[in-house]
Amino acid sequence: MYSEWASLSAEINANSCGAQCFSVLNKFPASAGREVVISVVKQLGTNLGITQNAEPSHLVKDDEVKWCMDVICFGLSLPLQEHETIKDCVNVYCEWLTALHPQPRISVPKPICEDANLYARQIINHFHNLFVPRQGEILPFLYQTKLGTDTIKRQAVLCHRVLRTLQQTAQISQQMDRQTWDTLLLFLLAINEILLAPPTVKDDVGDQLCERVLSVLFEVWLLACVRCFPSPSLWKTLQESCAMWRHRVALVDQWNRVNLAMTAKLLEFSYGPDFTQLKNVEDESQLIPTGMSNDCVAQTWYRFLRMIGNPTALCSPHLISKSPHFVQWALTHEKGAETHQHPCLQMLPQIFLNAMRGISSQVDAFLGIYRASGNPQDQSVVTNLLEIRHSLNEATSSTLQQFIHSNSVSNISMQQTGASSQTQHHHHHHHYPHLHLHGAGHFLRDNFVSSSASSALNAIMGHHHQQHHQQQHPQQAQLAGYSSICGASPTNLCPVGGSISAGGSHSAGVVGCISFSTAEAVPLSSGSGNNSVTPTPPLQRRLAKSFSVAPSVTTQQKGLSRTALISLTRSSANAAAAAPTTPTSGPPSSSSINSLPSIGNEIRPPPLSMARPKCNSILHLFGEWLFEAAHIGGDTWLQNRKKQACEASKRPSSMIMENRKGSISLSQPNSLNDPSSLPPTLTIDKYESGRAEAIGTLCKIFCAKKTGEEILPVYLARFYMALQQCLKITESKECDETLASILLHSADLFRLDLDGINVLLPGFIAALEIVLPDKDLKLKTQALTFNRTDLRRSAINILLSIMVLPLHYQALPIRNLASGDTGEKVLTFMQLKARLMNILMNALQVELDAQNTHMLLGGLLLCVQDAVTFEETFDLGSGSEHLSGAAGAQHHEENLLSSDNAHALFVRATYLVCHRLISSWKTDLNVSLAALELLSGLARLHIRDTDALECKRAVKWICDYICYQCSRPPPAHSKDLHSTIVAAFQCTAAWLMQHPYLLQEKDCLQTVLEVVELGISGTKSQSKNGDLPKFKDEKELKPASMRVRDAAENLLTIVLEQVGYFPSECGPESISSLLDEMALMKHCNSLPTGDGSAGVCNAEQAISKFKYFVTENSTILALLEEPLGNDQDPQPTVTLLIRGPFGRHAWTMQLRHLPRSKSGIKYHAANPGRPIPMNDITQRPECEQKNFPEGVDKVQPCVADYSIPTLDLIREQYGAGIISELEAMLENQNIHEKLAWAESDNSVDSLSHSHECVPPTVCHEFHAARLFLSHFGFLSFEIRKPNDPVESLAPPQRPLIVLDTKSAAFATDLDKLDKLSARTHDTVYCFYVKAGQSSAQQIIGNMAEDQSYDAHFANMLQTLGWPVQVAEHSGWTGFAHNSWSLKGADRQHQANNNVTSESNYNGAQRVLYWADVSSEIAFVVPNAWNLRYNNDMDACSLSSNCSEQNTASNVWIRSDETGSMKSSKPRNLSLELDTGNRGKEPVPPTRRKGTVSKPTLLVQAPAKVFLVWLESFEDYLNFPVEDLLVYARTGEEVQPMQLPRAADCHVIFVHSLQSGLLRVKLLGPPGRMSFATPLVDGMVLSRRVVGNLVRQTALNISRRRRLDNDNYQPPHVRRRLKVQDIVQKYKMDLSEAELLAHLFQRSV
């Protein structure tokens, strides 16, 4: 960069030797000079105002001042024992330097005030004597062995005073000229050379002042860049000097500190305030001068970046020790040693690591990776970033224009004096330029000379700038003036060159030139509503801010405190708690593992900045260093070393004197360059920590690739070669730092469409085989520390991104980077399938972290689902040639497919998950739910040759899991525990529905019913096989909770009604009958008209034909006694509509005496062949009826006989009138009987007349309802015990309740009950986002008929469900008003008929629908119609008071008041025992009956799930969730609290990769149970399974949200409560007699 400029090293060397500081007193004896100094300085010191009031100086002439300065110059060179005298000299000079201040001290002599710059330069030169070695001493200044510790401390304090004074003077002085600035900078360079160039000795003054002198040098240098930009010679001298100080830890620390601050300033003006800022609030005001313009920042930033040269030189002790000081040490060593064997060089590995960390921090800053630490709640702030509107200008010109630096200096100086205030206003208020980094490889680093600060940015980045074009600032005119030197106009971009090295190992250099000019303003991207900037808390405490001379502070310990500054840009808020303690051999780890937060704690890594530069640009800046550092210690590096050693051996030994201060370059073939001569602490493996940081940084850069962005092939090639070298597995099978760093930062590497990335697949799989299957992972670390959980999480992310590759690419071969031999056996993708499956299974078996387990479970279901779908799509028997492209690998691949086919994976997955669920996952809520979701997904797979035994075992394990959870002690019963039990019941139902043959097994049926009994009643009737069963009436109904009881009831109903029968004749759209009263009455014979449609006008008339009863307070029976019109055989017929908790069912019953097979034969003969009657008339004998036997009078009466009174006695007692009446009645009866007999004998029907028997007429009048109720036991009234006090107090239990149907509102309430589905219902809204779209109007407009979109998006929609016509659909449609309506029913809202698009599923006419036995889901693709429709519905709901009638049917209202009170108390995810409630017995759960429409019990609305297809993956950052909510209304939002919020929405992003695979991104609320399986954030899917997995994920998200809500009511509970509400409104209080009488009354 400065090759054409002369160095000032000779002048620095002369100053260090005291050439500028020689005093006349040196010609006299030391004692005489000492006396003169003591006398003069003591007198001068008394006037300074330190011990007494300051007085004006008596020195009024120049000669007087010069004489005194000559004395003070000698005093500064006195031996260190004369501390007080030296101190007075320092005090005098420090006071006199205030002449440069705006207000000099009163004690400053007048000649100094008049010519302050001249005298200040002399004073600064005299200060050399304080730092240089004394005459006659061999470096006594540096070695504690010659001087006492206190002496060194006192001298350090004086040096600190001088440095502070010079720094303060430079900051506040306004009159320093260029010569003074040059003198000051040369002085600082000289004292740094004195202190830092010699080898480090512990606790010497150089060690104690090292950081302080470096910080002053850099801070004053930055100040000089603002006030008087240093000349190229000074910059070259600084670069050369820093190269001699690289063995000091503090140099790299201070270099990192300055670079970070400069980078933050650069990003601020280059990208605007909305870019993710890297700010050091405490330090920036002091480190970066306030007046530094943007051009000056750009110039200074790049020069400081290249100041220490290539950091990889730190790995070569031979280069670092090439200085005269090290040579002198080697020559004077007692036993003889080489220069590279000095003990201080043992810190080189740590220095190299710190340098790599600094570079990594700058890369993070350019990528926008910066996390606020310290305040957890600040981590959720969303930043709105600038969009990049311009692409990189990749120039290909081969010429590099040389720029004139002097013009840069003059312009910057003019800029500082003339337009500093305007510059700040201009840059911060009128434009936000984008920073596009362009090429600067090896050639640019060595030869870069710019003409201005703007051209510096151009040469590095290709800068695009913007401002308001109405205004023109003086700054712009200046920039245009000296930008024209480059041949660029003020408004145009001028690329001027590029260079590619011949060897191809360096990056292609592209240098551009651009001025800050008028351009179109780039608008800010619209975020999610609120524009906010990510808070950037301060970095660590400013380095060297306070000076300490404590001897216990060692160099290593200082390094510990300084390098943490670098790591702060990548460490998360909990890094200190998560990372282990760092050993004392190096600074605390800044490993980026802490930048991967724990998703299990709902902390996700922040997204990269949208406005970040392209990867090529960052690689132009840092790529050469990082690539070279990544190869250190690898095979390529060793080969190059051997090659260099071989070339060096051909040259004779030589000792060459360099121009740089006479330094010696030793090139001895087999001594200095021999790695074996290095001490054990400097072997190449000790640099592995820095190498790991470098390769990790490269991974971060390549993982920052945007959609459609192209990376130069040379960079990809070098990156892949570096990764291949670093991924090599050692024989010990240990995970070293390099391997861990790669895995930590490569989570997205296989998700980005990187060209040729799959060549690294075998290497990554080998790395995963070391990290994931090992329970006790062995980490071979030195200076870095890694969190094993985060390391495994990152490895799992990589695994999830490559799981589908074998079945996607199948027999495609994988190239080998290392070997070019074509004879080697070709490795195909399919051959890697078995290894991937083993990694996944073994990792799941040993994983302990909940979040990692969650991710692995999602990946496992993906693998099984993909394998099943693959085998369904491709016939393996006939497609062997298709699967095995290589003939040599065909047999091997067939074996793999046979051992790892879908059935084998299904068996392995089922066994493993069930086993771990029972053994170790049962106490964790999220893992248990994920495992049960996986088992439910496995149950739905249709696998050939399904093993019934495995399915039976799975059901048995799930039932055992339920039993274990229910049997836990009472304190452990919490909301979370019951959520897992409910999920297990749902999982059991899924298995039984998909495998109905399981219920044919007696053992399986008994196990399921026992679990159902346990859930409903709380105990089993027979706990053990040998115990006597306990009957229901003997058991106390005490379930674990009402939620558990509801889930068990639901499973029981599914077992009894649905298993083997779903879907019914009605289809999966409905589990209820599609018949209601109106549909039945259309087929009834009693209609007055014969057309079947005009007989019944409305529902009220149809209902009047039915009789309504309620049984068990939960089931409504509607009985129709009239036979239907299609029945020609009159029988006692009753038609029932049964409305219960689980749906509406229609039955028709007939009372038959014979089965239908026999009763259908009828005999209609005219003469049945009756016998001829006999006309014989029988004689009726006359007999006298006697009241007593004939012999009664012969019996001798006894006393008892007289107890019965005779008739005479009765006549006497009651009177003769009554007896007479009785006798008259008997006489009359005898007369009537005789007359009746006579009439019977004379009639034609008497036996004496002939008469033919004929059958009676057919009866059409039946009381069928009474017969049905009687036969089914509904009329058996309760027999009460009057002596039982319990039954006497309790009200009588009516088996049957009659409903009054005359009310007009009864039909409305009945319709509301029918509108309550017996299944859960959810809605997913699908959107298509084209590249760059961020507004709701644009996104919605994509679904217009004239818009085109990716065909794969339409294919994905078809796999989500099946399309249905809303007008004919009887299930959930996505809108509450037209769901669950009968086919052919009148609808209030009919869609227009002009919708013709096949993909228009907005819900107007068509919608995508899917359902199973327990849930329904609708997929809606909104367009402009949805907004109009929702607005119309909102207006309708406001005009009509419909909120009150819909509240009672709200699915998010729970009847348990106590449950709603407890829901506000958060709980942990753990299901372990709650010690605070130990010993308390559970209270039997109860449900309050009656209406539940209390608005106080309302909680959050149902989950809103969005499915978004992204053309550009980065657009997920700007997806307008809030604006799209108005298109996602279902009509159920009847309360303000139920309106959807953006924070509650779950968004599933799907991005199509060039390979044909799909990348998934999940966003959702940070809840405890937010994310469900099988989809996992970052997963890569195959298109053949995306629909199934998206649907399962949406269903599981909704189920988890319902489980997490205490107030949620299951569908059958809502229906039961609605029935109870109807009973309370319309019941008729009838006695038993009135009820029986009501049965004989006919319907109207």
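Above this text is the structure in question.
Calculation criteria
Residues numbered from 1 in each chain as written. Predicted model: local features only at pLDDT ≥ 70, side-chain atom pairs only at ≥ 80, totals over all residues. Heavy atoms only, no water. Axes fitted to C-alpha atoms, helices over the stretch in contact; angles between N-to-C directions. Helix = DSSP H or I, 4+ residues; strand = E, 2+ residues; numbered from the N terminus. Left-handed = near helix turned anticlockwise from the far one by under 90°. Contact = heavy atoms within 4.5 Å. Buried < 20%, exposed > 50% of the residue type's maximum accessible area, 1.4 Å probe, protein only. Arc of directions from axis to C-beta. Polar contact = N/O pair within 3.5 Å; in protein donor to acceptor, adjacent residues only side chain to side chain. Pairing = 2+ DSSP bridges. Core = buried A, V, L, I, M, F, W, Y, C linked by side-chain atoms within 4.5 Å.

1. Concerning the packing of helix α12 (residues 249-271) against helix α14 (residues 294-305)
Step number 1: In contact at an axis separation of 9 Å, α12 and α14 are set at 145° when each is read in the N-to-C sense. Along this stretch, α12 crosses α14, giving a crossing that reads as left-handed. For the pair formed by α12 and α14, the contact residues are Trp 255, Val 258, Asn 259, Met 262, Thr 263, Lys 265, Leu 266 and Phe 269 on the first element and Asn 294, Val 297, Ala 298, Thr 300, Trp 301, Phe 304 and Leu 305 on the second.

2. Quick word on helix α53 (residues 1351-1360)
Step number 1: For α53, the full list of buried residues reads Phe 1353, Met 1356, Leu 1357 and Leu 1360. Each buried residue of α53 lies within a common arc of 105° when the element is viewed along its axis, so the set occupies one face.
Step number 2: For α53, the secondary structure elements touched by its buried residues are β14 (1320-1329), β16 (1406-1411), β17 (1415-1420), β18 (1504-1510) and α58 (1586-1603).
Step number 3: You can read the cap of α53 off the contacts: a side-chain oxygen lies 3.1 Å from the backbone nitrogen of His 1352, and it is on Asp 1350.

3. Details of the side chain of Ser 1041
Step number 1: When you line up the elements, Ser 1041 lands in the loop between α42 (1002-1017) and α43 (1042-1058).
Step number 2: Only 3.4 Å separates the side chain of Ser 1041 from the side chain of His 978, close enough to count as a polar contact.

4. Overview of the sheet that holds strand β12 (residues 1143-1150)
Step number 1: On the basis of which strands lie adjacent, the open sheet formed by six strands has the order β12-β11-β10-β9-β13-β22 and antiparallel pairing. The open sheet terminates on both sides in strands that have one partner only, identified here as β12 and β22 (1627-1628).

5. Considering the nonpolar core
Soluble globular proteins tend to bury their nonpolar side chains together.
Step number 1: The biggest cluster of nonpolar side chains holds 316 residues, and the ones touching the most others in it are Trp 96 and Trp 991.
Step number 2: Ranked by residue count, the leading element in this core is helix α10 (residues 205-227), at 14 residues.
Step number 3: The residues touching Trp 96, leaving out its near neighbours within four places in the chain, are Leu 44, Leu 59, Cys 68, Met 69, Ile 72, Ser 107, Val 108, Pro 109, Ile 112 and Ile 123.

6. Brief notes about the pairing of strand β20 (residues 1558-1563)
Step number 1: Counting buried positions along β20 yields five of six residues, so the element is predominantly enclosed.
Step number 2: Relative to β20, strand β19 (residues 1545-1552) runs antiparallel, the two sharing six bridges. Paired with His 1551 across the bridge in β20 is Arg 1559.
Step number 3: The turn linking β19 back onto β20 is made up of five residues, and Gly 1556 within it adopts a positive phi angle of 95°.
Step number 4: Bridge count for β20 against strand β21 (residues 1580-1581) is two bridges, and the pairing is antiparallel.

7. Description of unusual backbone geometry
Step number 1: Of note, the bond from Phe 1062 into Pro 1063 is cis; its omega dihedral lies within 30 degrees of zero at -5°.
Step number 2: Position of Pro 1063 relative to the elements: it lies in the loop between α43 and α44 (1077-1081).
Step number 3: Note the cis peptide between Thr 1573 and Pro 1574, where omega equals 5°.
Step number 4: Relative to the helices and strands, Pro 1574 resides in the loop between β20 and β21.
Step number 5: Residues other than glycine seldom take positive phi values, yet Gln 810 does so here, at roughly 55°.
Step number 6: Following the sequence through the fold, Gln 810 ends up in the loop between α33 (805-809) and β7 (813-814).
Step number 7: We classify Gln 810 as buried; its relative accessible area is 9%.
Step number 8: At Trp 1380, a residue that is not glycine, the phi angle is positive and equals roughly 55°.
Step number 9: For Trp 1380, the position within the fold is in the loop between β15 (1362-1365) and β16.
Step number 10: Given the relative accessible area of 16%, Trp 1380 is considered buried.

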